[in-house]
Amino acid sequence: MIRGVIVMNDQGKPRLIKFYEFQPVEKQQELVRSIYRILCCRAENVSNFVKVDSLFGPDVRLVYKTFATLYFVFVFDSCENELAVLDLMQVFVETLDKCFSNVCELDIVFNFNKVHTILDEIILGGQVLETSSSEVVKAVDEISRFSIFLSPSLDRGIVCVRFYWSCSLNLCRLERSGNSIWQGR
Amino acid sequence: MGSQGGFGQSKEFQDLIKSIGESRSKTEEDRIVLREIETLKTRLVDPNTPKYKLKEYLIRLLYVEMLGHDASFGYIHAVKMTHDENLLLKRTGYLAVTLFLNEDHDLIILIVNTIQKDLKSDNYLVVCAALNAVCRLINEETIPAVLPQVVELLGHQKEAVRKKAVMALHRFYLRSPVSVSHLIPNFRKKLCDNDPGVMGATLCPLSDLIKADAENYKDLLVSFVNILKQVAERRLPKSYDYHQMPAPFIQIKLLKILTLLGTGDRKASEQMYTIIGDIMRKCDSTTNIGNAILYECICCVSSLHPNPKLLEAAADAISKFLKNDSHNLKYLGIDALSRLIKINPEIAEQHQLAVIDCLEDPDDTLKRKTFELLYKMTKSSNVEVIVDRMIEYMMSITDTHYKTEIASRCVELAEQFAPSNQWFIQTMNKVFEHAGDLVNIKVAHNLMRLIAEGFGEDDGTADSQLRSSAVESYLRIMGEPKLPSAFLQVICWVLGEYGTADGKYSASYITGKLSDVAEAHSTDDTVKAYAVMALMKIYSFQIAAGRIVDILPECQSLIDEMLASHSTDLQQRTYELRAILNLDARCLREIMPMDSTCEEVEIDKNLSFLDGYIQQSIEKGAQPYIPESERLGMSSITNFKSEEDHESSTHALRFEAYELPKPSPTVLASSSLVPIPEPSYSGDIFHPPTSIPSASNRGPSELKLRLDGVQKKWGRPTYSSPAPSTSTTGTTKIQSEATQRDSASNTVYTDPKTRGTSYDSRKQQVEIPPEKQKLAASLFGGVSKSEGKQSSSSQRNSKRPAKAAAPHTAAVITAQPPPDLLDLGEPSISSSVPSVDPFKPFEDLLDLTQGTTSASAGGVGATDSSDFMSLFSDMSLNVQSHDIDPVSNVSNGNGLVGVTVEKLAQQSNKGPNLKEALEKDSRVRQMGVTPSGQNPNLFKNLLG
């Protein structure tokens, strides 16, 4: 099964942490830090797989991939196929891209609850639930629409109607323009 | 409102994230977060906060917790929010509780009710949200509360709900298999769901169920094969295509299930050959996901009942993986290789260069995977190279976890396959030196035992040689700083036992070294104790030999210091040492006999020799003995007593265990009062009927090796017997298919030139750096080492006979892989097959007779072994039945063919040469496998 999904930036700051077996907060932080330590010293052009049995127990591996400034990390055991998980990650990122149209780190920071929603449609309880990106987008859109329908007066931000960033928010060393995940590939 | 920016959050939240993003240090960040926590604390409890604001606060709380701060004060608000009617708020609430709470949290009980209600909701999105929470929050006790609703939802009209209900049930199964055992038919039914998503989800629980018990699901095999076929034929909706592959994730899941069902089941395996073959053919190996499927197919093939065609396809796929530039594919290739070698050990040899490249790759992941492969393919012929490599790598890494693993693997391999005791000791020294604190202490005991026992009783000189070399190497090593404690213990013990045994080193030199060790590790009491014991042994040997003991000043000061040690154990030992110094030679010869560690000491556990005495006492009216177990309430006292007694049996403090008329003091001390846990091993000193005060011998006996329960993997039976027979035991599994070799090895060979033959030809055929090639040969070929020593002139000489032998052999054994690829396990005849190069001149000729020859001329990995295997095995059978005859026939034939092509001058001894080459080669291999005292040169380099 999949043990956890972590998204963090290249400074090691967590952007999304989801463990499918409960981990106390301190443990989560420690794991994220250890994973970051492993990842940041890996060279380019090496494999995307790392054995992390020292952190998670025997036969647990992780697959990581960098998209622009973000590390996407999936931790899983021997029941999954490394290469397939790498593609599952791709499905996740493609879905994010569809939902946020041209996703970037800030999207994930500000809307991590929505990212959770998307992830929940793909992986449930550590098992791969859905692998078709379009199906996931459909489900997430449904949820968004329904939420609006139920509460028109509430926060509109959850809808996919997006207001483009007008003032430059100069943080996380990320410019909105021209630094989308897809150009980083 | 949240529309100020583009991210749908309030200004406040944006500012928070912005300030955290800009903070320069961890403390600054912490300050910001703590301020935020204070704000949230007040806002969340404020009854006037509007609901949509609450939602944002909760999200901010999640954010705070993600950064590692305690947000437990807000958990209850998350729980409250799950009660909300509004879907958005409800979802946020559920999200928060699934992230905040663990399934045994107290607050869960407040949510179960809400979940129950939501599972019945008309709005399927509410149901989905509840199911998400169910997957995370329901524990064993609360399963029954929601189970009926979840089962009902399996029939929900929305596929999204059905899918999640299946997953929830799967989760229940993982939590507590019993709770859903009656629902297994539902899983089977859901496999036929008309939504592919639901079907795909059902594969997850089924896969786990099958893993637990494959037999019960064999009937589903046909369905799985059918589904896989339909998926592969693109019958699923287009939306499941991914990079032009039809539903690849479902395919992979199905292949995993087929693997489980087909393992060890021939009939089941046969049913899936076709579909797996189809999929392998269809796979698009240019995409990632195509390769993922291909890899899964290889895994499947390697666990099914072997099918030559599929294995061939798998081997092809592996070679594609290994040749690819992508490290991911190389990694998978190595992994697949390690799976496939279980079925077909030859396959690794085709890829030896690729494997070596991976071994030297800077990518750590790949390297480790390759070490795993090597670990799996270790045998006695290549253990030295592999373990050397492992140790080298072990020294280079800092990760203790992996270091421990690789160290224990080194030990395991060395124990299992050690070609000689000498090598074993050298290897262990290296492992100890670099990872001594990480390996099991048993390993140290094993090592000491090996040094003590040596090769066996019948070969005294070899034993003392072994010991001297051990002593020498330890004297060299022990000066190094930061040696691990376990290793120092071994060193001290060996120096104590054998330091002065060969007379090369004087007692004062050794004792000086020992006191250095004790001084340098003044905080380690165990090492100090070992050092004191070693001193004691050396002094007593000196006294026993009638020499005058000259105690060095540093030793004296060490002794003085330890007499006042805080450790009673150390103190005790030092007092014993002092007592021993005052004894005379005769007495010490009794209690400290030289080199008696291996003496078996028989201990009469039942103390039957006392029977008469007891009988006598009872007759005189003494109380009979009540076994300890029958005495209530006394156990703690007796425990205490025995410990105490162990320390100081000469002192006045003595607790009588039971009312026994006082037996003679020696008996009391040595057997009845001191429970020796492993009596069968108690070393040299422990002779019950001795007149020496028990205090002086207690220490040594305690220090001795405790070999009980230690596995005797590398023990004597394997290596101490004379060479030919040893080889049979050492390589039984190899020999089983190659009985031929035995007969060959019995005949003596004299000509060392032929050895060079295969080595030489190897050189010609692969154009790669010699070191790599050598490594490859030693890893995969098995022989290398002794061959490598051959001088180049002999190689040159031997080239001719090999050439002459070529035509005939080629005709007969066209299928042979080139020699360096050969496994040790193959019948020995193969080893004489000449390499590619000599073939060249005759290629035309061969093509006429045998079209396939070109395959073997192709180079390293080109041979298509699996196809030819049958031919080959026939051949070896043939050889076996006719004993060596075919070989000689062969050589005659060879002579004939050779005449036509080669110069006659070389002809005269060609026939015998081939035969000899055979014999020699097998002999050489055996030497590599089982060197013994017979061939001391072999390990000269190790001894330095």
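Calculation criteria
- Residues numbered from 1 in each chain as written.
- Chains lettered and ligands numbered in written order.
- Predicted model: local features only at pLDDT ≥ 70, side-chain atom pairs only at ≥ 80, totals over all residues.
- Heavy atoms only, no water.
- Helix = DSSP H or I, 4+ residues; strand = E, 2+ residues; numbered from the N terminus.
- Buried < 20%, exposed > 50% of the residue type's maximum accessible area, 1.4 Å probe, protein only.
- Contact = heavy atoms within 4.5 Å.
- Areas by Shrake-Rupley, 256 points an atom, 1.4 Å probe, with all protein chains shown as cover.
- Pairing = 2+ DSSP bridges.
- Axes fitted to C-alpha atoms, helices over the stretch in contact; angles between N-to-C directions.
- Left-handed = near helix turned anticlockwise from the far one by under 90°.
- Nonpolar A, V, L, I, M, F, W, Y, C, P; charged D, E, K, R; others polar.
- Buried area = accessible area lost by both parts, 1.4 Å probe.
- Salt bridge = Lys/Arg side-chain N within 4 Å of Asp/Glu carboxyl O.
- Polar contact = N/O pair within 3.5 Å; in protein donor to acceptor, adjacent residues only side chain to side chain.
- Patch = residues over 30% accessible without salt bridge, like charges linked within 9 Å, V, L, I, M, F, W, Y side chains within 5 Å.
- Expected span 1.5 Å × (residues − 1).
- Core = buried A, V, L, I, M, F, W, Y, C linked by side-chain atoms within 4.5 Å.
- pLDDT = per-residue confidence, 0-100.
- Phe/Tyr/Trp six-rings, centres within 6.5 Å; stacked < 30°, edge-to-face > 60°.
- Lys, Arg positive; Asp, Glu negative; His and termini not counted.
- Charge placed at Lys NZ, Arg CZ, Asp CG, Glu CD.
- Parallel < 35°, antiparallel > 145°, perpendicular 65-115°, else oblique.

### Looking at the overall build of chain B
Helix and strand counts for chain B come out as 50 helices and 2 strands. A total of 944 residues make up chain B; the buried ones form 58% of that total. Considering only contacts within chain B whose residues lie at least 6 apart along the sequence, 70% involve residues at least 24 apart. Accessible area of chain B: about 40,000 Å², with a carbon and sulfur share of 52%.

### Comments concerning the overall build of chain A
Per the secondary structure count, chain A includes 7 helices and 7 strands. Along the chain direction, N to C, the helices and strands of chain A fall in the order β-β-α-β-α-β-β-α-α-α-β-β-α-α. Expressed as a percentage of its 185 residues, the buried residues of chain A come to 65%. Taking as baseline every contact in chain A between residues at least 6 positions apart, the subset at least 24 positions apart corresponds to 52%. Entry remark: accessible area of chain A is about 6,700 Å², with carbon and sulfur atoms responsible for 50%.

### Focus on the sheet that holds strand β1 (residues 2–9) of chain A
All names here are of chain A. Strand order in the open sheet formed by 5 strands is β2-β1-β5-β4-β3, with antiparallel pairing between adjacent strands. This sheet does not close on itself; its edge strands, each paired only once, are β2 (14–19) and β3 (49–51). Across the sheet, the mean angle from the axis of one strand to that of its neighbour is 15°, orientation sign disregarded. Pairing geometry for β1 and β2, over 5 bridges, is antiparallel. Residue Ile6 lies in a different strand from β2, and its bridge partner there is Ile17.

### Quick notes on the packing of helix α2 (residues 26–45) of chain B against helix α3 (residues 51–66) of chain B
Residue and element names in this part refer to chain B. Across the interface, α2 lies against α3 with an axial gap of 10 Å and an inter-helix angle of 150°. In terms of crossing hand, the pair formed by α2 and α3 is left-handed. Facing Val33, Glu36, Ile37, Leu40, Arg43 and Leu44 of α2, the residues of α3 in contact are Leu54, Tyr57, Arg60, Leu61 and Val64. For the contact of α2 with α3, the per-class residue count stands at 8 nonpolar, no polar and 3 charged.

### A short note on the environment of Ile38 of chain A
Positionally, Ile38 of chain A belongs in helix α1 (residues 25–40). When the C-alpha atoms of Ile38 of chain A and Val50 of chain A are compared, they prove to be 8.5 Å apart, with 12 residues separating the residues in sequence.

### Quick look at the interface of chain B and chain A
On the side of chain A, 76 residues touch chain B, which itself brings 78 residues to the contact. Counting the surface lost from both chain B and chain A, the interface buries some 6,900 Å², and carbon and sulfur atoms represent 59% of this. The tally of links between chain B and chain A comes to 6 salt bridges. A salt bridge links Lys163 of chain B to Glu130 of chain A; its shortest N-O distance comes to 2.5 Å. Remark: the boundary between chain B and chain A carries 23 residue pairs in polar contact (both at pLDDT 80 or more).

### Remarks on a nonpolar patch on the surface
On the surface, a nonpolar cluster with roughly 270 Å² of combined accessible area is contributed by Ile76, Ile109 and Leu110 of chain B. With respect to the helices, strands and loops of the structure, Leu110 of chain B is situated in helix α6 (residues 108–119).

### Quick word on helix α15 (residues 288–303) of chain B
When the terminal C-alpha atoms of α15 of chain B are compared, their 23 Å separation across 16 residues agrees well with the 22 Å that a helix rising 1.5 Å per residue should span. Of all the 16 residues making up α15 of chain B, 14 are buried; the element is thus mostly covered by neighbouring parts of the structure.

### A few points about the pattern of salt bridges
Residues and elements named next belong to chain B. In the structure shown here, the tally under the stated rule is 44 salt bridges over all chains. A salt bridge links Asp399 to Arg368; its shortest N-O distance comes to 3.9 Å. Taken together, the residues Asp399 in the loop between α21 (383–396) and α22 (400–417) and Arg368 in helix α20 (residues 364–376) connect sequence positions 31 residues apart. Classification of Asp399 as partly exposed rests on a relative accessible area of 27%. Linking Glu372 and Lys369 is a salt bridge whose minimum nitrogen-to-oxygen distance equals 3.6 Å. Of this pair, Glu372 and Lys369 both sit in helix α20, 3 residues apart, which is roughly one turn of the helix. Here Glu372 matches Lys369 in class, with each residue buried.

### Looking at helix α9 (residues 159–175) of chain B
With 17 residues, α9 of chain B ought to run about 24 Å at 1.5 Å a step, and its terminal C-alpha atoms sit 24 Å apart, in line with that. Burial within α9 of chain B is extensive, with 14 of its 17 residues counted as buried.

### Notes on the nonpolar core
Residue and element names in this part refer to chain B. The biggest cluster of nonpolar side chains holds 296 residues, and the ones touching the most others in it are Phe224 and Ile276. Per element, the largest residue contribution to this core is 13 residues, and it comes from helix α28 (residues 525–544). With residues up to four places along the chain from it excluded, the contact list for Ile276 reads Leu255, Cys297, Cys300, Val301, Leu304 and Leu310.

### Things to note about the confidence of the model for chain B
Residues and elements named next belong to chain B. Chain-level statistics for chain B give a pLDDT mean of 71 and a share of 65% at 70 or above. Averaged pLDDT values for the elements of chain B fall to 36 in helix α50 (residues 940–943) and rise to 92 in helix α13 (residues 248–262). Low pLDDT, under 50, characterises residues 1–6; the stretch is placed with 19 contacts to residues that sit more than four places away or in other chains. When the criterion is pLDDT under 50, residues 924–944 qualifies, and its contacts beyond four places in sequence or with other chains add up to 45 contacts. Scored by ipTM, the complex comes to 0.82, with pTM at 0.65.

### Some remarks on the packing of aromatic side chains
All names here are of chain A. Applying the stated rule across the entire model yields 18 aromatic pairs over all chains. Both rings, one in Phe19 and one in Phe56, keep their centres 6.3 Å apart while their planes meet at 35°; by these two values the pair is tilted. Residue Phe19 is located in strand β2, and its partner Phe56 is located in helix α2 (residues 53–56); the two are separated by 37 residues in the primary sequence. By the burial criterion, Phe19 is buried, and Phe56 matches it.

### Re a negative patch on the surface
Residue and element names in this part refer to chain B. A contiguous patch of negative charge on the surface is contributed by Asp516, Glu519, Glu554 and Glu561. Taken together, the elements giving at least two residues each to the negative patch come down to α27 (507–520) and α29 (553–563). If you trace the backbone, Asp516 turns up in helix α27. Here Asp516 falls in the partly exposed class, since its relative accessible area comes to 43%.

### What to know about the packing of helix α1 (residues 11–22) of chain B against α3 of chain B
When two helices pack together, you describe them by how their axes are tilted relative to each other and by the distance separating the axes. Residues and elements named next belong to chain B. Following both chains from N to C, one finds α1 and α3 inclined at 15°, their axes separated by 11 Å at the closest point. With respect to α3, the axis of α1 lies roughly parallel. At the point where α1 passes α3, the crossing takes the right-handed sense. Contacts from Glu12, Phe13, Leu16, Ile17 and Ile20 of α1 reach α3 at Glu56, Tyr57, Ile59, Arg60 and Tyr63. Grouping the constituent residues of the contact of α1 with α3 by class yields 7 nonpolar, no polar and 3 charged.

### Section: the pairing of strand β5 (residues 70–76) of chain A
All names here are of chain A. Most of β5 is tucked away: 7 of the 7 residues are buried. Here β5 shows a buried face lined by Leu70, Phe72, Phe74 and Phe76 and a second buried face lined by Tyr71, Val73 and Val75. When β1 meets β5, the two strands line up antiparallel, connected through 7 bridges. Along β5, the bridge assignment pairs Val5 with Phe74. Between strand β4 (residues 61–67) and β5, which pair antiparallel and follow one another directly, the connecting turn spans 2 residues, one of which, Ala68, has a positive phi of 50°.

### Concerning the pairing of β2 of chain A
When you tally the buried positions in β2 of chain A, you get 6 out of 6 residues, the bulk of the element. Linking β1 of chain A to β2 of chain A, which pair antiparallel, is a turn of 4 residues; within it Gly12 of chain A sits at a positive phi near 85°.

### A few points about unusual backbone geometry
Residue Asn45 of chain A is not a glycine yet carries a positive backbone phi of 60°. The backbone of Ala247 of chain B shows a phi angle near 35°, a positive value even though the residue is not glycine. Structurally, Ala247 of chain B is set in the loop between β2 (245–246) and α13. You can call Ala247 of chain B buried: its relative accessible area is 4%.

### Structural notes on the confidence of the model for chain A
Residues and elements named next belong to chain A. In the predicted model, chain A carries a mean pLDDT of 78, and the fraction of residues at 70 or more is 79%. Here helix α7 (residues 181–184) stands out as the element of chain A with the lowest mean pLDDT, 40, in contrast to β5, whose mean of 93 is the highest. Predicted confidence is poor over residues 149–185, with pLDDT under 50, and the contacts of this stretch with residues over four places away or in other chains come to 78 contacts.

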